[in-house]
Every structure is written in structure tokens, then in C-alpha cells.
Amino acid sequence: MTMLKPSSKQISIAVGSGLACVVLFGTVFAFRQQVPFINNGQNNSAELADESAESEVFQLALLEEKEVSQLETIANQSQVSRERNRARYLLADELIATQDGETALTYLEGLEADYPLLAPHILFKRLQALELAGETETAQETLSQLQSEYPDSPIVAEALYWQGESQPEYLDRVIAEFPTHPRAVEIARQRLAQNPQQLDLLLLVIRADPYGKDTAQLRDRATTEYASQLTPADWEVIASGYWETWQYRQAGTAYQQAGNTPKNLYRTARALQLSGEQTAAKSAYTLLFTTFPDAQENELGLSHLASLSTDQEAIPHLDTLIQKFPNQAAQALSDKAKRLESLNSKESAQQARASLLSQYPEADATAEYRWQVAQNLAEQGQLESAVQWIEPILRDNRTSEITPKAGFWGGKWARQIGQQQEAKAAFENVLTYHPESYYAWRSAVHLGLDVGDFNNVRSILPEVNQPQTRTLPPAGSEAFQELYRLGQDEEAFAQWQAESQNTLEPTIEQQFTDGLIRQAIGQNLQGINRIWLLQHRDKPEDAAEFENLRETREYWQALFPFPYNSSIINWSEQRQLNPLLVTSLIRQESRFEKDISSFAGASGLMQVMPATGEWVANAINLSDYSLTDVEDNINIGTWYLDYTHREYENNSLLAVASYNAGPGNVANWLKKYNTSDPDSFVEQIPFPETKGYVESVFGNYWNYLQIYNPEVAEMLAQYQK
């Protein structure tokens, strides 16, 4: 029996969550050690994590429709337990949502004493239930109790906001006492709409909601209308917001006003460089080095300065890097060799490369040089020599980004010259040390593993086994963590925002947790990006902490979440498409952001162009639709993906390339390039965007397959051993 079922079979799904459960934990990721999350010292993480795995309520909480009868059974147990408390809290919440305050009160009676972790939230639920039941006087007493006993709890902001509907002075307290709470942001936005000339409220929104849809415009207003009133700290917050949202020109301008710290000077220079202002960038990098010659930021600063300089100017900068910054020495030595060669100093260039190979055999720059030599040899037909240059990459450069590609092509070349054992070893090396890469999938295919290939991946329906509970986040208070695992996402986000005090320089754990909770509330683009950007942190001391995190299965499941799973699976079944292929394409197109639009006008999860949407809608008799509606977009997008597959005899490589570049371009490539070797065809795709798109979509597919398909995960575990 094959591990990947043909499309004529029914898909097997173990679903433990609905659309609200975006980040799904628990499936064994075959290539990752079971490293525990980093303990931030705020709670007994190991104890809580063990309890999470055993909690039936956590499973019920994340179901698309609550299993009320099961919750009631647990809630009515005679013995007090945290499970009973959780069930009562969830039932009360459900009843309040259906306006049944009286029944909700029966579950809330005395619950704060038994469930002190969420005591302030319980009091607020009781306040809501009492109001629904018409017990206004008792509700006021409960409100007073909440404010007096838990004045610092973020849920007080909700109570104040609720009171503010009739007494506006309470809204002032929300802003004053809980300035990072989402309610404070909401109030500030409402007041700015009425009176835009309020700098304090502008800054509140800019600080507390840097990724908001209109926050970029508010940053622009602050810098143009209030520049003279902004403090260096204000400028740094504004600059950080621009930086985090890739508005580098504005970031550079703002960082210039934020004070001369090494980080600010580096980001000023880098922002200028990314904005195309090369001369100004060179001056800024020079200022950084002359002002703070020993600052860690010069590791990257001098490297960028060298890249902007002439060959003759660059060499002293590279020599300084080699002498002062060991982490950049290998790359600087490699760059120096290229510069010397350009200056026709071939002997000196050869000496520099010899030093690179002998002194820094494990460096990424060494791997890149070895790979360049191997490619040149392969192009000349010297495959045996090319394979020999690949061997030290697999041995010495296991952490380099170039290694999976080099290992895969080394295996292909070895096979071409009859070195079957060497080819097998190279493919297995990629699976062992770079299991998350696109080339790991290609290696698995060439090893004959049952993981789907370009010519049949659409027609297989893998088992999708989704975890039933969420794992304990590594940061935040116990109250936040409890709310998060109970699926109380808006409450958890409010708690997290109110607790967050280090938004400019979060720790690895804090940024990862921020990514998790943003995904949970539907901010999928920001959530995934926050987690993806962890690998690009500026501080070298973050590297070890990040490596620890990326060795956990939770990191990979958060990086490859499965939101909108019910809709994706439904429409994939109807189009007879592999649901993981559809999910992978959506992740690449929109990061699961349903309201997103491209500069070209494409909309929604599958980034459908309006003209294409209209054409497909006519073909399927869909008269009333919206490209930003989840169901409509996936309906139309999967029909079109099915269409591109039918156009190319169900070859997913060509179908996915056509989805990105259009059928006309793919038709031209088919005339020009040989498709007998799909791997070579991918390398020959002349559009860098489409080549990267194809590799990304199928790299996504590979990760989704091994994360969410237990049979494939088990099959691949042998390579980890």
C-alpha cells in the first residue's frame, strides 16, 4: 500500500481545530529533535506543557464547533480540578455569546477561587453575565471588585471600555493605564478620526500597533507634521516601524533623527543602500565605523561598505574585517579574492582562496566557492571532478544554505557517471542535514521514496494529521498562555499586547510568541513573517538561541501553519487536487492573508486577478462572488489551478509555473528547453521570480507533507538516525 493515496481514495483527516486554530502543534516532525521550548523563567513550563498534552478541554476548545455535551460532563464533575475549571469557563463564555447570562452565572459561581489563574477574566465574565441577566446593581459591585482586586490586569481595560459607552471618562483611563492594549488603540483611532491633530494619540497607535493597516500613514503624518516635537525615542519607534514593514527609505530618514547609536547608524546606512542611495549609504557606513570602530554592527557595515566601493577601495575594508571580526573573515577573504582578480592580481587572488580553503574550511563562503568551482567543472563536462568538489561541502559545510543544492546536484552528477553509491550518499546527506529544503524533496524523489513527483503530485491525497492542541508558547504570563491554549484568541492577544514592554528589541522567545498569537487572531502574514525574520536577527548572540528554537517541531509548524484547512480540503477534493499542494501555493501567494492585494491587482488567498476571476466565475456559473471572500477565492483559485494542470497533462511543475508566469511564457519555455529532466528545466527558467516561485511552492509542499503526514514523517525518520 502506498503511503500517498491516489485521488480516487477518500482523504483521511484527523482534525482537532477549526479556522480559528491557525498554529497547530503536536505532530512529530521527523527531522527535528524533541528539544523543549526555552523556559523564560515566568512559569513552570515543563509542568504546564505536560498538562497541555493531557488536557481534553484544550482539545475541545479548539474544535470548529464546541462539543458542549462533553464540556458539560467535565464541568459537572464533583471534584475540583483545572480541567473542570476550564470547562466551566468555556461554557460560560459560550453562553454569554448566546445572551444566556443566567445559565452562565451557574458556571461562574465561585470559579475565581478555584481558578485563580484567570480570576480577573472570570470576574469580567460574571460582570457580562449579570448585565445580561438584568442584575445591574450586582454587576456594578462585581466591576468594583475587579478594579480593586486586580487593577493591573489587562482585562480591566475591557471593563473600562465597556463602561465607557455611557461614561467616556473611563476611556481616558484605558489610554492612560493600558496604552498598549488593543482597546486603547481602538479608542485612539476613533478619536484621531474625529480630531487628527493629537500627537500623543498618533504616537500611541504607532507604538502599540506597528503593523496596522493605516499605521504607515500615521507614521508619515508624525514625521511630516510633528517633526520638531518628536524626541529621539519617538523617532526610533517610528524608524523601527518603517524598518519592520520594509519601508527602508523612510526608515533611513527616521533613524538619522533617533540618535547616534551603533544600531541606528547601521540601519540608517543599510536603509539608504536598500533605497538605492549608494553615495549617502557609503558615508553613513563610514560614519558608523569611525564613530564606533569596535561595534558589532561593523561586521555587516564594513561588508556592505566594501560592496559599495571600487575594487581598490574595498580591499582595506575587507582587510579590517579579516583582522577585527572573525565571524566575517571568511566572507571577506572570499570577496577580497574576487576583487584582486578584477584588479588582475591573479596570484594574490589564488593565495587568498588557498587561505580560505585552509583556514576556514567550515565557513559558508568556503562552501560557496567550492560550489562555484563544482558548477564550472560540471558545465565543462568534468563531472567526476565536480563531484569531488562537492564532497567537502557535504562534510565541512553542513550548515551552509548552499549545501542542500550542492548535495542534490552532486548526487545527480554522480549518478550520471555511474557512481550509484556516492549518489545515494549525497541524496541521503541532504535529507539528514537539510530536511526542510526544496532539494530534500528532490533528493527524496531520486531515492525512490513515495513522496510524489512533479508528474503525479496533484493526483495524490496524503493523509493530513493535524494536532489537536496548542503547545505552550515560550513567552508571556501564565494567564496569557492559558487563554491562548483555550482558544480565547482575542483575549489572549489583548493580554499579550498589554504585557509587551520590549517591542523595539524583543527576545527570540518574545518574537516567536508574537508570531504565534498574531496567526491565532488571523494576522497570518505578520505572524509568519515575524517567525521567518528570526533567522535574520542582527545580534550574533541571538544565533544560538534561534538555532535552539529551530530544532523544535513547534517552530516548523508555526512557519508552515494550516489555516482555512476545512475550505482548502473541501475545494481541493472537488477539484481532485492535492490539498497540501494548494496550501503550499496559498502560503507562497498570500501567507494566508485573505484581504491582501498585489500591486498588479491580484486579490485574496490565491491572488486571483480580477479578469481571471471573472472568466472562471462565468465558467462555473458563480454570479455573486468576492475575491476577498475565503470560500469564493479558493473556489476560483483551485478551479484555475486545475485548469493549468489540465493544460499540461497534470504536470504540476508546468502548472505551478503557469500559475505564476502565465501560459504564454511557459509555452515559450517548452519550445526552448528540454523537459526530459525537470530539475534542469527548473534551473533554466529565465524569470528569477518564477524559478524562485516554483522552488518555494514545492519546498512548502515538502514541509507540509512531512509535518502533517505521519506516514511520511515516520518514513523519513530513518535519515535522522
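Residues numbered from 1 in each chain as written. Predicted model: local features only at pLDDT ≥ 70, side-chain atom pairs only at ≥ 80, totals over all residues. Heavy atoms only, no water.

K.L.:
Help me understand the overall build of the protein in this model?
P.N.:
Looking only at helices and strands, the protein features 41 helices and four strands. On C-alpha atoms alone, the protein measures out to a radius of gyration of 28 Å, which is about the 27 Å that the 2.2 N^0.38 rule sets for 721 residues. By its C-alpha atoms, the protein is 90 × 65 × 50 Å across when sized along the principal axes. Considering the protein as a whole, with its 721 residues, one finds that 55% of them fall into the buried category. Within the protein, contacts between residues at least 6 apart in sequence are counted, and of these 61% link residues at least 24 apart. With an accessible surface of roughly 30700 Å², the protein has 47% of that area assigned to carbon and sulfur atoms. Looking at the protein, you have 55 positive and 96 negative side-chain charges, and the mean spots of the two groups are 7 Å apart. (Helix = DSSP H or I, 4+ residues; strand = E, 2+ residues; numbered from the N terminus. Rg over C-alpha atoms; globule rule 2.2 N^0.38 Å. Buried < 20%, exposed > 50% of the residue type's maximum accessible area, 1.4 Å probe, protein only. Contact = heavy atoms within 4.5 Å. Areas by Shrake-Rupley, 256 points an atom, 1.4 Å probe, with all protein chains shown as cover. Lys, Arg positive; Asp, Glu negative; His and termini not counted. Charge placed at Lys NZ, Arg CZ, Asp CG, Glu CD.)

K.L.:
Hey, could you run me through the packing of helix 34 (residues 579-590) against helix 40 (residues 688-708) in this one?
P.N.:
What describes two packed helices is the angle between their axes and the distance between those same axes. Axis separation between helix 34 and helix 40 bottoms out at 8 Å; the angle between their running directions is 130°. The orientation of helix 34 with respect to helix 40, classified from their angle, is oblique. In the packing of helix 34 onto helix 40, the handedness of the crossing is right-handed. Within the contact between the two elements, helix 34 uses Leu580, Leu581, Thr583, Ser584, Leu585, Arg587, Gln588 and Glu589 and helix 40 uses Tyr693, Ser696, Val697, Phe698, Asn700, Tyr701, Tyr704 and Leu705. (Axes fitted to C-alpha atoms, helices over the stretch in contact; angles between N-to-C directions. Parallel < 35°, antiparallel > 145°, perpendicular 65-115°, else oblique. Left-handed = near helix turned anticlockwise from the far one by under 90°.)

K.L.:
Please explain the nonpolar core as it appears in this structure.
P.N.:
The nonpolar side chains of soluble globular proteins are, as a tendency, buried together. Residues Trp371, Trp413, Trp441, Val451, Phe698 and Trp702 are the most contacted members of the largest nonpolar core, which totals 188 residues. Residue contributions to this core peak at ten residues, all from helix 40. Aside from chain neighbours lying at most four places away, what touches Trp441 is Val451, Gly452, Asp453, Phe454, Phe698, Tyr701 and Trp702. Ala284, Leu308, Ala314 and Leu321 belong to the second largest nonpolar core, which has 17 residues in total. (Core = buried A, V, L, I, M, F, W, Y, C linked by side-chain atoms within 4.5 Å.)

K.L.:
When you look at the pattern of salt bridges in this model, what are you seeing that I'm missing?
P.N.:
Two side chains bearing opposite charge may form a pair once their charged atoms approach each other closely. Counted under the stated rule, the structure contains 42 salt bridges. In this structure, Arg126 and Glu112 form a salt bridge, with 2.7 Å as the shortest nitrogen-oxygen distance. Of this pair, Arg126 sits in helix 7 (residues 119-132) while Glu112 sits in helix 6 (residues 111-114), and the two are 14 residues apart along the sequence. Take Arg126 and Glu112: they sit in the same class, and that class is buried. Across the pair Arg353 and Glu341 runs a salt bridge, and its minimum N-O distance is 3.4 Å. Here Arg353, found in helix 21 (residues 346-359), pairs with Glu341, found in helix 20 (residues 326-342); they are twelve residues apart in sequence, far enough to count as distant. Note on Glu341: relative accessible area 38%, which makes it partly exposed. (Salt bridge = Lys/Arg side-chain N within 4 Å of Asp/Glu carboxyl O.)

K.L.:
Just to check I follow, could you spell out the environment of Glu649 for this structure?
P.N.:
Tracing the backbone through its elements, the reader meets Glu649 in the loop between helix 36 (630-647) and helix 37 (652-661). Taking the relative accessible area as the measure of exposure, Glu649 reaches 75% and is therefore exposed.

K.L.:
Whenever I open this one, helix 23 (residues 383-396) confuses me. Can you help?
P.N.:
The periodicity of an α-helix, 3.6 residues per turn, causes residues three or four places apart in sequence to face the same way. In this model, helix 23 (14 residues) spans 21 Å end to end at C-alpha, consistent with the 20 Å of a helix rising 1.5 Å per residue. Buried residues of helix 23: Leu383, Ala386, Val387, Ile390, Pro392, Ile393, Leu394 and Asp396, and no others. In this structure, the buried side of helix 23 is in contact with helix 22 (364-379), helix 24 (403-416) and helix 25 (420-433). (Expected span 1.5 Å × (residues − 1).)

K.L.:
Please explain unusual backbone geometry as it appears in this structure.
P.N.:
Among all residues except glycine, the phi angle is most often negative; among peptide bonds, the trans geometry is most common. Phi is positive for Trp246, close to 65°, though the residue is something other than glycine. Mapped onto the elements of the fold, Trp246 is located in the loop between helix 14 (232-244) and helix 15 (248-255). Residue Trp246 is classed as partly exposed on the basis of its relative accessible area of 41%. Backbone geometry places Arg591, a non-glycine residue, at a positive phi of 55°. Tracing the chain through its elements places Arg591 in the loop between helix 34 and helix 35 (610-619).

K.L.:
Help me understand the environment of Thr261, please; the structure alone is not making it clear to me.
P.N.:
Here Thr261 shows up in the loop between helix 15 and helix 16 (262-274). On a C-alpha basis, the gap between Thr261 and Ala611 in space is 50 Å, while along the polypeptide they are 350 residues apart.

K.L.:
So what exactly am I meant to see when it comes to the packing of aromatic side chains here?
P.N.:
Aromatic ring pairs: the centre-centre distance and the angle between the two ring planes describe each pair. Applying the stated criterion to the full structure yields 33 aromatic pairs. Summarising the aromatic geometry, the rings of Phe454 and Phe698 are spaced 5.0 Å apart at their centres and angled 90° between planes, so their arrangement reads as edge-to-face. Of this pair, Phe454 sits in the loop between helix 26 (438-446) and strand 3 (460-461) while Phe698 sits in helix 40, and the two are 244 residues apart along the sequence. Exposure remark for Phe698: the relative accessible area of 0% places this residue in the buried category. Measuring from ring centre to ring centre gives 5.5 Å for Trp615 and Trp639, while their planes differ by 85°; the resulting arrangement is edge-to-face. A residue pair is termed long-range when its members are at least 10 positions apart, and Trp615 in helix 35 and Trp639 in helix 36 qualify at 24 residues. The class of Trp639 is buried, set by a relative accessible area of 15%. (Phe/Tyr/Trp six-rings, centres within 6.5 Å; stacked < 30°, edge-to-face > 60°.)

K.L.:
Whenever I open this one, helix 30 (residues 524-532) confuses me. Can you help?
P.N.:
Burial of helix 30 is extensive: seven of the nine residues sit out of reach of the surface. For helix 30, the complete set of buried residues consists of Asn524, Gln526, Gly527, Ile528, Asn529, Arg530 and Ile531. Those residues of helix 30 hidden inside the fold are in contact with helix 14, helix 29 (508-520), helix 32 (553-559) and helix 34.

K.L.:
Where do I start with the side chain of Glu482 in this structure?
P.N.:
When you line up the elements, Glu482 lands in helix 27 (residues 478-485). Given a relative accessible area of 0%, Glu482 falls into the buried group. Glu482 has contacts with Phe58, Arg82, Arg86, Tyr115, Leu117 and Leu118, leaving out every residue within four places of it along the chain.

K.L.:
For this particular structure, what's the right way to read the packing of helix 33 (residues 565-575) against helix 36?
P.N.:
Running from N to C, helix 33 and helix 36 cross one another at 35°; their axes reach a closest spacing of 9 Å. Seen along the crossing, helix 33 lies across helix 36 with a hand that is right-handed. Between helix 33 and helix 36, the contacting residues are Ser567, Ile568, Trp571 and Arg575 on the first element and Val630, Glu631, Ile634, Asn635, Thr638, Trp639 and Asp642 on the second. Its residues placed into classes, the contact of helix 33 with helix 36 shows five nonpolar, three polar and three charged. (Nonpolar A, V, L, I, M, F, W, Y, C, P; charged D, E, K, R; others polar.)

K.L.:
Help me understand the environment of Val694, please; the structure alone is not making it clear to me.
P.N.:
In this structure, Val694 sits in helix 40. With relative accessibility at 0%, the residue Val694 sits in the buried group. For the pair Val694 and Asn195, spaced 499 residues apart in the sequence, the C-alpha separation amounts to 48 Å.

K.L.:
What am I meant to see in the side chain of Asn264 here?
P.N.:
Here Asn264 shows up in helix 16. A distance of 3.2 Å separates the side chain of Asn264 from the backbone oxygen of Ala258, its partner in a polar contact. Once residues within four sequence positions are removed from consideration, Asn264 is found in contact with Glu236, Tyr255, Ala258 and Gly259. (Polar contact = N/O pair within 3.5 Å; in protein donor to acceptor, adjacent residues only side chain to side chain.)

K.L.:
Mind showing me how you'd approach the confidence of the model for the protein here?
P.N.:
Do not read the predicted coordinates in detail wherever pLDDT is low. In the predicted model, the protein carries a mean pLDDT of 91, and the fraction of residues at 70 or more is 92%. Across residues 5-50 the pLDDT falls below 50, and counting only partners more than four positions away or on other chains, this stretch makes 149 contacts in the model. (pLDDT = per-residue confidence, 0-100.)

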